[in-house]
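Understanding the architecture of this molecule
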Amino acid sequence: MIERQLQPLLHELVGAVLAPTSALGDATGQIRPTGVQGVFHADARVLSRAELRVDDREPEGLTHGDDGPHGVRFVSLARWLGDPVPDPTVRIDRLRRATRDGLTEEVRVVSTATVGVRATVSVDLGCDLAPIEVVKSGGTAPPLEAKTGQPGVLSWSADGITVTVTGQGADVLTAGEWSTAPRLAWPVELPPGGETVLRWRLTVEDPRAVVIGPAGEPEWSRPEVSADDRRLVRLLHRGLDDLRGLRLAEAGAPQDVFLGAGVPWFLTLFGRDSLWAARMMLPLGTDLAAGTLRVLARRQGTRIDPATGEAPGKILHELRRHEFALSEHGLRLPPAYYGTVDATMLWVNLLHDAWRWGLPVDQIEPLLPYLEASLRWLGEHADPDGDGLVEYIDTSGHGLSNQGWKDSGDAVRFHDGTLASAPIVLAEVQGYAHEAAVNGAALLDAFGRPGGDRWREHAAALAGRFRERFWVDGRYGPQPALALDRDKRPVDSLTSNIGHLLGTGLLTADEETQVARLLTTDALAGGFGLRTMSTDDAGFSPLSYHCGSIWAHDTAIVLAGLARAGHRDAALGLAEGLLSAAEAFDYRLPELYAGDDRSVVNRPVPYPAACRPQAWAAASAVLLLQAATGLYPDVPGGTVRLAPLAGAELGALKVNGLQVAGRSVTVTVDNTGHATVYGLPTPLTPTPTLPTQRHPAPSPL
C-alpha cells in the first residue's frame, strides 16, 4: 500500500501569534517534532521541538488559557515530587509569548509541599528550518545540528536565517545524541512552599524576509461595547486580539500595515484576504484600509506574464519569500503570484468604501492612477473571450485551477457533482465587477477624472448579461448558478456564492428577495452559519473545503448583505449560527468548520486543517457589529443611514468608539430597534430606518 503524504491536522493545537511569528503546540504545552507543531517565522519553521521535562519525565497537563493577545499559559503537575498525599503539591506554569522576532517562555515551578523539592527541569529543542510548504504537504526536514558558544546559548543557521536560543542560567547539552536535539537544563532546589522561575528566549534573524512585524499599536480603534447578547462582546474582543497578532508590513515599507491571512500557512500578504479583512474593519477606522491599498498598489501588475498570472492593472494574489510548491498537487506558485480573478475589483471596492467612511482626500488622490489601472484591467484583460463576463483560467499549468475565493480544485461543481471545466465565470465575481465599475465611476466623478459614464454603462451591460445567462430553475425556485463553465453552461449547484451578490447592484430588488429566500433554506442555512454548498447537491460534504463546509467570513459577508438590504429575519438567523459557533470555539473563530446540520450535531465540528486565527474570520466580528448597529456612513454625501439589526431578537446594544471620518462615534440601539448616533462630524446627518422585514415577493423569474 502506498503511504499518502497528508496535510497535518491543526484543530487541536494551541497557538500564540505575533506576526510574523507563530507557535503551535499541543494542549499540554509541548512542541513535538511531528506534524505542523513548531515555531514559525514567516515562511520557515524556526523551531521544530520544545519539550519540557522534569527529571526526564513529562509533567501531566491540566489546562491552558490565553495570557494576553499574544500569549498562552499551560498548567501541569509533577505529581511524583513533593508530599506523598492525594493532592498535587508541585505545579508547573508554562507561559509562552510570541514576539516579533521569536518567542519567550517562562517556566514557573511552584511547591506547596511541606518538604524540600529537588529536580532537574529541562527543555529539549530542535530546529529544521523547514519551508512552510513542506510542512503543509505533510513532509519533513532533517533536524539541523546546533552550535554553541556563550554559556546558555544555542544557534542554528541555514538559507540566510539564524535562530538563537538563550536559556538564562541553563546548562547546555549538545554533545553526541544532543547535537541535533540539544537540551537546556536547570537544576532546581526548592524549600518547603518555595517557587522558582526559569526563562528561555528564541530570536530569529532573517534579513531576506519579505514581510515584517510593524511597530506601534494597531491602526484601528478598540470600541467599548455593551450588549444584551454577551457573545457578541466576547467575539469582538477575541477577534481584535487575534487581528492585533496578524498585523504585517513589507520589509521595505514598514509604515503600510496590512493583515496576514492566517496561521500557519498564510501569514503573509494575500490580496483577496487582506482586502476583505480591511474592508470589514472600516467601522474602526480607515488607516488599515489605506495601508492595505498602498501596499497592493505598489505591486500592481504592469505586464503580461502567464507564469505568474500578472497583467497590467491586476492586483496581487500572494507574496512569498520563494516559490511555493506542493508537488503532490502539481502546484508551483512564484514568489509574487497574481492568480486571482477578484482581488482587483475588491481593491477598487475597498478604496470606494474607505472614501465613504471618511478616508482623507490626500490619501485617496495618490491612489487614483492605480484605480484607473484597475478599471483598465477590468475592461481589457478580465474578459479574454470578449463575451462581456469576467472569467479565469490557469494558463501556466502549475497555478491555481480555481481563482475565486473558493480556490480548491473541486470547488466548482454542477448539481450532479461533475466538475466544471475552465475557463470559469463565477457568479460572485460578476457582482464584484459590477460593484467595482459603479464605485470606480463614483470616484472618477468625485475627483474630476474622465470615464465615469463608460463604467456605469459597463455595469449596466454586465447586469443584463448576468440576468440572461446565470438564472436557472432549482428546487426552491429560480436561482443564480454558481458559475458558467467552458461551454458557457450554467453550473447549477446552489451555493453561498450567490449571497455575495447582495448589495453589489447586480440584482434587482425582487431578485435580491429571491436570493434571500434561497439563503434561508435548511439546505444552505441548517448548520452553524451558511454552508458553502447546499445539502441537495451531489458534491456536498460537510468536511469539504468549499463544498459544504461553513466559512465564518462567508457567513458574515452574506448576513451583512442581508441586513443592509432589509432582510432582517434571514440576517438574524445567520448571526445566531455564527455566534453559536463562536461560543463553541472559545470565540476564536477558525477559518472554516464543518457544515453538519444543527439537528444532528449540537456543536460545530472542526475542520481539521483550518487556520486559526485567520484574518477575515476574526474580522467577521466587526462586520457583525456593524450590521448590529446598522451604521452606514457616506461622508462625501454628507449622510449616515441607521438600520440596526439589533433590537428585539438580538437585544439592546451600545457601541462607543466606532470611527467615521476620524471621529469617535457612539451608537445605541434599544430593545425596540430604535437607534441613536452621537458624535458624528459636522455636517453629517443621520437618517434612521425603522427595523422592518422585507417579506419574500413572488418569484421574479
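Remember, it's a predicted structure, so these values are computed and weren't measured experimentally.

Brief notes about the pattern of salt bridges
Counting across every chain of the model gives 56 salt bridges. For Asp342, the salt bridge identified is with Arg272, shortest N-O distance 2.9 Å. In this pair, Asp342 sits in the loop between strand E24 (336–337) and helix H5 (343–357) while Arg272 sits in helix H3 (residues 271–280), placing the two residues 70 residues apart along the sequence. Measuring nitrogen to oxygen at the nearest pair gives 2.8 Å for the salt bridge that ties Asp445 to Arg456. Of the two residues, Asp445 is situated in helix H8 (residues 427–446) and Arg456 in helix H9 (residues 452–469); the sequence distance between them amounts to 11 residues. For Arg456, a relative accessible area of 33% gives the class partly exposed. Here the salt bridges share partners, and the residues they tie into one network are Asp26, Arg32, Arg49, Glu51, Arg53, Asp56, Glu58, Asp124 and Arg183.

Re the sheet that holds strand E14 (residues 171–173)
Reading across from one edge, E5-E10-E15-E14 is the order of the four strands in this open sheet, with antiparallel pairing throughout. The strands lining the two open edges of the sheet, one partner per strand, are strand E5 (49–54) and E14. Strand after strand, the sheet turns through a mean of 20° between neighbouring axes, direction not considered. Note that strand E10 (residues 117–126) and strand E15 (residues 183–190) share eight bridges and pair antiparallel. Paired with Thr120 across the bridge in E15 is Pro187.

Points about the sheet that holds strand E20 (residues 253–259)
In space, the three strands of this open sheet follow the order E17-E19-E20, with antiparallel pairing throughout. Of all strands in the sheet, those bounded by a partner on one side alone are strand E17 (211–212) and E20. Sheet topology places strand E19 (residues 247–250) next to E20; four bridges connect them, and they run antiparallel. Bridged to Arg247 within E20 is Leu259. Strands E19 and E20 of the sheet are contacted by helix H4 (residues 287–298), whose axis makes an angle of about 110° with E20.

Basis of the calculations
Residues numbered from 1 in each chain as written. Predicted model: local features only at pLDDT ≥ 70, side-chain atom pairs only at ≥ 80, totals over all residues. Heavy atoms only, no water. Salt bridge = Lys/Arg side-chain N within 4 Å of Asp/Glu carboxyl O. Helix = DSSP H or I, 4+ residues; strand = E, 2+ residues; numbered from the N terminus. Buried < 20%, exposed > 50% of the residue type's maximum accessible area, 1.4 Å probe, protein only. Pairing = 2+ DSSP bridges. Axes fitted to C-alpha atoms, helices over the stretch in contact; angles between N-to-C directions. Contact = heavy atoms within 4.5 Å.

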